[in-house]
Structure formats: C-alpha cells, structure tokens
Amino acid sequence: MIETPLWPAAKAAPRSAERGGSDAMFGGLLFVVALAPRLCVALAWAGEAVWDGHYYDFGARRIAAGQGYSDDLATAAGPLWHPWCHYPVGYSAFLAIFYRLFGSSHAVAAVANALVGAALAVATWAVAAQALTRTRARIAGAIVALHPGLVLYAALVMSEPLAALLTLVAFWATVRDTRPLRGVVLGGLVLGVATLVRPQALLCAPFLAWVGRWRLRERAIAAALACVAALLVVSPWTARNCMVMDGCALVSTNAGWNLAIGAFPRATGRFETLRSSDGCRDVSGQVQQDRCWFSYGLAQIEARPWHWIRLVPAKLGFTFDHESFPVEYLHEARPTAWPDAWRSTVRGAMTFVHRLLIAAAAFGCVAFPWNARMRGAAMQGALLATAGALIAFAFGGDHPAFWPLAVFVAIVPWLPLPGRPAFGPPLLLAAALLGTTLATHAAFFGEDRYHMVVTPVLAIFAAAALRGAQGATFLSRP
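Residues numbered from 1 in each chain as written. Predicted model: local features only at pLDDT ≥ 70, side-chain atom pairs only at ≥ 80, totals over all residues. Heavy atoms only, no water.

A. Inspection of the overall build of the chain at higher detail. From N to C terminus, the chain includes 19 helices and 2 strands. Here the chain has a C-alpha radius of gyration of 23 Å; the compact-globule value for 478 residues is 23 Å, and the two agree. With the C-alpha coordinates aligned to their principal axes, the bounding extent of the chain is approximately 80 × 50 × 50 Å. Buried residues in the chain amount to 55% of all 478 residues. If you take every contact in the chain between residues at least 6 apart in sequence, the share linking residues at least 24 apart comes to 77%. Looking at the chain as shown, the accessible area adds up to about 19,900 Å², and 66% of this sits on carbon and sulfur atoms. Side chains of the chain carry 37 positive and 25 negative charges; the gap between the two charge centres is 12 Å. (Helix = DSSP H or I, 4+ residues; strand = E, 2+ residues; numbered from the N terminus. Rg over C-alpha atoms; globule rule 2.2 N^0.38 Å. Buried < 20%, exposed > 50% of the residue type's maximum accessible area, 1.4 Å probe, protein only. Contact = heavy atoms within 4.5 Å. Areas by Shrake-Rupley, 256 points an atom, 1.4 Å probe, with all protein chains shown as cover. Lys, Arg positive; Asp, Glu negative; His and termini not counted. Charge placed at Lys NZ, Arg CZ, Asp CG, Glu CD.)

B. Looking closely at helix H7 (residues 160–176). Look at H7: 24 Å from first C-alpha to last across 17 residues, which is about the 24 Å you get at 1.5 Å a residue. Burial analysis of H7 places 14 of its 17 residues in the buried class, which makes it a mostly covered element. (Expected span 1.5 Å × (residues − 1).)

C. Highlighting the confidence of the model for the chain. Looking at the chain, the pLDDT average stands at 91 and 92% of residues meet or exceed 70. Within the model, the stretch residues 1–14 combines pLDDT values under 50 with 39 contacts to residues more than four positions away or in other chains. Here residues 472–478 is a poorly scored stretch, pLDDT under 50, and it has 26 contacts once near neighbours within four places are set aside; other chains count. (pLDDT = per-residue confidence, 0-100.)

D. Geometry of the pattern of salt bridges. According to the stated counting rule, one finds 13 salt bridges in the structure shown. Here Arg 182 ties to Asp 177 by a salt bridge, and the two come within 2.8 Å at their closest N and O atoms. For Arg 182, a relative accessible area of 44% puts it in the partly exposed group. Taking the shortest distance from any N to any O, the salt bridge between Glu 328 and Arg 347 comes out at 2.7 Å. Pair noted here: Glu 328 is in helix H14 (residues 325–333) and Arg 347 is in helix H15 (residues 340–362), with a separation of 19 residues, a long-range link. Overall, the relative accessible area of 19% leaves Glu 328 in the buried class. On the accessibility criterion, Arg 347 (27% relative accessible area) is partly exposed. A network of salt bridges, in which partner residues are shared, links Glu 328, Asp 340, Arg 343 and Arg 347. (Salt bridge = Lys/Arg side-chain N within 4 Å of Asp/Glu carboxyl O.)

E. Examining the packing of helix H18 (residues 425–443) against helix H19 (residues 455–463) more closely. Running from N to C, H18 and H19 point in directions that differ by 140°, and their axes come no closer than 9 Å. On the basis of the axis angle, H18 is oblique to H19. When the axes of H18 and H19 are compared, the crossing they make is left-handed. For the pair formed by H18 and H19, the contact residues are Leu 427, Ala 430, Ala 431, Leu 433 and Leu 434 on the first element and Val 457, Leu 458, Ile 460 and Phe 461 on the second. (Axes fitted to C-alpha atoms, helices over the stretch in contact; angles between N-to-C directions. Parallel < 35°, antiparallel > 145°, perpendicular 65-115°, else oblique. Left-handed = near helix turned anticlockwise from the far one by under 90°.)

F. Up close: the packing of aromatic side chains. Per the counting criterion, the structure on display carries 25 aromatic pairs. Considering the side-chain rings of Tyr 56 and Tyr 87, the 5.6 Å spacing of their centres and the 70° angle between planes classify their relative orientation as edge-to-face. Taken together, the residues span a long stretch of sequence, with Tyr 56 in helix H2 (residues 52–64) and Tyr 87 in the loop between strand S2 (80–83) and helix H3 (90–102) at a distance of 31 residues. Here the two residues Tyr 56 and Tyr 87 agree in accessibility, since each one is buried. Members of the aromatic cluster, joined through ring pairs, are Tyr 55, Tyr 56, Phe 58, Tyr 69, Trp 84, Tyr 87, Tyr 91, Phe 94, Phe 98 and Trp 237. A cation sits over an aromatic face here: Arg 61 above Tyr 99, 5.7 Å from the ring centre. Directly above the aromatic system of Phe 26 lies the positively charged group of Arg 138, at a separation of 4.5 Å from the ring centroid. (Phe/Tyr/Trp six-rings, centres within 6.5 Å; stacked < 30°, edge-to-face > 60°. Lys NZ or Arg CZ within 6 Å of the ring centre and 35° of its normal.)

Written out as structure tokens, the structure is:
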C-alpha cells in the first residue's frame with residue numbers, strides 16, 4: 001500500500017478547542033497586521049504599472065474587458081485581435097477579477113496586491129506551524145507580515161507575491177492532509193495554479209512526494225501523480241495556446257528569451273536586451289520566436305560552456321545579494337516621489353534587512369551543538385562554524401556575496417547529518433522552493449526581484465534558527 005502515515009513529527013495530540021480558537025485569532029490578527037502597512041504603502045505610492053508590470057496590467061485589462069489574453073495588431077484595415085502568451089497568464093487573470101468587479105484603476109490593483117501580501121504572511125505561518133513550535137511559527141509569519149521589501153511590493157503590479165502565496169498553499173495542503181497520497185494530489189493541483197503565475201513552480205511538484213514515508217518506487221509514483229495533477233490544471237491553457245498561437249506553449253513564451261539572455265556573448269548575469277542582430281532575425285510568431293531563442297541559447301552554451309558556467313555566481317549574486325527592485329520600480333512609475341537621496345536610503349535599509357534575514361536563515365539548518373551526542377555535536381559545530389564563516393565573508397568582503405548562504409539553506413536540510421534538527425516535509429519543501437529558484441536563475445539570469453518568491457522560505461528558516469537536535473527537542477504540529 002502506498003498510503004502510509006505522515007512523518008513521525010506530524011503525530012501530535014488533537015487540538016483543543018481553546019488552542020484552535022487561539023490559532024484562528026492569531027491568524028486573523030496576523031492578516032490585519034500585514035494588511036495595514038501594505039494598504040498604506042500601496043495607496044500612497046501606487047502609480048503607473050511599469051516594466052513587466054505594464055504587461056501584466058495590460059493583460060488584466062484585456063481579460064477584464066472580455067478580449068482574452070491578447071493584444072491588437074495594426075493593419076491597413078484597422079486593429080486586428082491577436083492572441084498573446086509571452087508572459088504567464090495567471091497574475092493577469094487574477095487582477096482581471098478585481099478589474100472586472102471594481103474597475104481597472106491603480107488603486108484596485110494596489111488593494112488586490114495588499115490582500116495577497118497579507119495572505120502570504122498567514123500562509124507562511126500556516127506552513128511553519130506544521131514543522132516548528134507554536135512560537136517559532138508565529139515569528140515566521142510576523143517576519144513576512146512586517147518585512148519592508150514585501151510591504152513595499154504591495155504597490156507594484158508584479159507577480160512574485162501571488163506566486164509565493166500559491167506555492168506555500170500547495171505545500172500546506174500537501175502536509176496538512178492526513179492521507180499523504182491525497183495530499184500530494186491536492187498539492188499538485190494547487191501547484192498547477194501557481195504554475196500559471198510562475199512556471200518554475202512546476203519544478204516543486206516532484207518534491208511533494210517527500211510528505212510520506214515511502215519506499216523509492218512508491219515515492220516515484222507519488223512524484224509522478226503530483227506532476228500529473230499540476231499539468232492537469234495547466235493543460236486547458238496549453239490547449240488554448242496550441243489552438244490560437246503559431247505553435248504549442250506550455251504556459252508562456254519567454255523561456256527561450258530568458259535562456260538566451262543568460263548565455264549569449266553579451267551576457268552579464270542579469271537582464272540584457274536581446275536584439276535581432278544577436279540572432280532570430282526572420283521569425284514572426286511568438287512561439288516560433290521563443291523556440292528560436294531557446295535553440296540559440298543552447299547553441300551558445302554548447303559553443304562556450306565555460307562562459308555560461310562562469311556567469312553563475314554573478315547571476316545568483318544579482319538575485320540574492322541585495323534588494324532594490326521595489327524602490328526602482330516605484331521610482332520609474334513616479335520619479336518625483338523618489339529623489340535620489342531617499343531612494344538610496346530605502347534601498348540600503350531594504351538590503352540590510354534582506355541580508356540579516358538570509359544570514360539568520362542559515363542558522364535554521366543548524367542545531368545547538370551541545371544538545372546532541374558527541375558525534376552529532378561535532379558535526380553541528382562544524383556546520384555552525386561554516387555558516388558563521390559564510391556570514392562573515394558575506395558581510396566583510398569588498399563585494400558582498402550572500403548567495404552562498406542561500407545555497408547552504410537549500411542543500412543542508414536534505415543531508416542526513418548527525419545531530420541535525422528535525423527537518424519534516426514542510427521544511428524540506430521550503431528548501432526545495434529555494435533550491436529550484438537557485439537552479440532556475442543559475443541557468444537563466446538573475447535580478448533581485450526573483451528572491452521575493454523565497455523570502456517567506458527565508459523567514460521560516462530564520463524562525464527555525466538553532467533548534468535542538470532531533471530527538472533532543474520534539475517538534476510537533478500544534
């Protein structure tokens with residue numbers, strides 16, 4: 001039978017009504033605490049949607065107006081309706097619901113984003129509560145509720161908070177179910193929705209199989225079921241693309257573009273504009289263009305593999321070493337509201353908080369060495385020293401490098417090291433989200449906005465910092 005019990009730490013005593021009521025009250029309070037600053041920031045600073053946000057907003061307006069995910073082509077006979085899928089449809093479809101009901105103003109988008117951000121804090125707490133003590137889980141939720149970068153993100157028409165929310169809900173649905181296989185399928189379905197917002201979410205689906213204590217064959221079956229469930233949700237959109245585009249596209253048509261940006265001769269590790277002179281001159285359709293750029297990117301990697309590999313540290317550095325995108329986005333939308341001195345101050349403060357969080361998250365992979373037996377204490381002491389050295393190097397170097405700490409957090413929970421703290425499925429899934437994000441941007445290119453998806457993961461590991469060794473401190477679900 002593939003249906004086996006959840007991990008041992010999940011076998012907790014039934015909740016009392018009093019404790020359940022207390023948790024419900026805390027969840028409501030956390031939502032309000034997270035929503036208040038986001039609404040204030042969003043309504044005060046929201047402006048014109050810019051950069052990628054322009055396309056998300058444009059797509060939402062078209063969907064809300066009943067024109068589908070499309071644009072208009074200029075022809076001699078007048079504008080011609082033209083299907084579109086360069087960007088993932090999920091976030092635009094989400095905004096379109098609000099635009100349809102309340103109008104397509106900047107304030108409506110801001111309120112929708114504030115609600116997503118507040119729900120993200122609650123989802124972070126809910127996932128953390130499946131693996132950490134009550135107090136630590138609440139700390140994780142509070143970090144996300146008050147994180148300055150996530151608060152400021154409410155004023156941006158960008159998809160990262162919604163992608164993070166849906167992915168965490170998928171994790172919660174998986175680990176919460178008392179029947180692991182059913183939880184895997186349910187989590188896969190939610191990940192399918194997340195994939196329509198951020199296609200990389202699909203990479204997390206196989207990891208849902210770690211919720212059950214299964215043998216290798218059973219785990220492989222569970223992983224396949226999770227993938228099938230996710231693809232089942234995505235398939236209607238894929239079918240739409242096959243019917244109305246110039247070819248089939250799973251979700252969107254920017255993967256080839258992104259691979260080329262991370263591999264072509266002018267690549268720097270971050271976004272660079274591709275030109276027709278770089279390649280792909282004679283293409284017309286979106287799918288054809290995406291396939292051309294994908295082939296071009298692969299050809300560049302094959303021809304100059306070391307150039308592509310040498311860019312990996314730069315790509316991960318652009319992704320994890322600082323946090324400035326929210327400020328630059330808002331400055332682009334409303335330049336007069338963000339003079340240079342103010343921009344620099346806020347960027348510096350946001351970056352400092354982000355760096356503290358990622359440093360604290362590294363300690364979430366380490367147990368108190370003296371809580372373990374001698375062999376475990378030695379190993380955890382070595383890990384503690386490693387984390388400390390990485391933090392010292394990150395803060396003390398001429399060129400701060402915090403991405404190695406992200407790699408540390410993504411890898412260590414999976415290692416069966418003696419004396420380690422308890423890493424149940426919720427923490428392993430959180431590490432998987434961080435790991436797939438690292439892998440994605442090592443292959444493509446990096447920008448600091450991409451780490452916003454995993455900021456809740458960093459909050460969970462920060463709240464888990466320096467727990468007791470497994471067996472010394474029993475961690476159960478509340």
